[in-house]
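Descriptive analysis of the structure
The residues making up each chain are set out below.
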Amino acid sequence: PISPKRADRSALRQKMAEQTHARPPTISAIVVTFNRFEKFRRTLLRLLDEPLDQIIIVDNGSTDGTRDWLRGLSDARLTVLEQSENGGGAMGFEI
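Let us look at the structure shown here. (Residues numbered from 1 in each chain as written. Predicted model: local features only at pLDDT ≥ 70, side-chain atom pairs only at ≥ 80, totals over all residues. Heavy atoms only, no water.)

**Regarding the overall build of the protein chain**
Each helix and strand counted, the protein chain has four helices and three strands in total. When the helices and strands of the protein chain are placed in sequence order, the string is α-β-α-β-α-β-α. Across the 95 residues in the protein chain, those meeting the buried criterion constitute 24%. In the protein chain, 66% of the contacts between residues at least 6 apart in sequence involve partners at least 24 apart. About 7100 Å² of surface is accessible on the protein chain, with carbon and sulfur atoms providing 52% of the total. (Helix = DSSP H or I, 4+ residues; strand = E, 2+ residues; numbered from the N terminus. Buried < 20%, exposed > 50% of the residue type's maximum accessible area, 1.4 Å probe, protein only. Contact = heavy atoms within 4.5 Å. Areas by Shrake-Rupley, 256 points an atom, 1.4 Å probe, with all protein chains shown as cover.)

This is how it looks when you write it as structure tokens:
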């Protein structure tokens, strides 16, 4: 006979497995940038090669061509948030 504790654990494992199969996890990357175009470009190109579901870019008011370059990209996984001024990394992650 199966002990009650073991049966509870088994039921919990089964429930977790059902939930996992019903909705796969989402893997996202968030990048905050300000006037670091070349480093940012290399980073984003590498991220686009990964099996990510979503890539969120927070541009903190870059003036170095970052925005123009981003506007030329067409990948459905990209979400670009353009800030009017640089509020620093902490503000970028707060959005």
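**Observations regarding a positive patch on the surface**
Positive charge collects at one region of the surface, where Arg 36, Lys 39, Arg 42 and Arg 46 lie side by side. Topologically, Arg 42 is positioned in helix α2 (residues 37–48). Residue class for Arg 42 comes out partly exposed when judged on its relative accessible area of 37%. (Patch = residues over 30% accessible without salt bridge, like charges linked within 9 Å, V, L, I, M, F, W, Y side chains within 5 Å. Salt bridge = Lys/Arg side-chain N within 4 Å of Asp/Glu carboxyl O. Lys, Arg positive; Asp, Glu negative; His and termini not counted. Charge placed at Lys NZ, Arg CZ, Asp CG, Glu CD.)

**Overview of α2**
Between its first and last C-alpha atoms α2 spans 16 Å; for 12 residues at 1.5 Å apiece the expected length is 16 Å, and the two agree. Every buried residue belonging to α2 is among Phe 40, Leu 44, Leu 47 and Leu 48, and all of these are buried. Axial view of α2: buried residues confined to an arc of 95 degrees, hence all on one face. For α2, exposure combined with an orientation more than 90 degrees from the buried face picks out Lys 39 and Arg 46. Those residues of α2 that are buried are in contact with β1 (28–33), β2 (54–59), α3 (66–71) and β3 (78–82). (Expected span 1.5 Å × (residues − 1). Arc of directions from axis to C-beta.)

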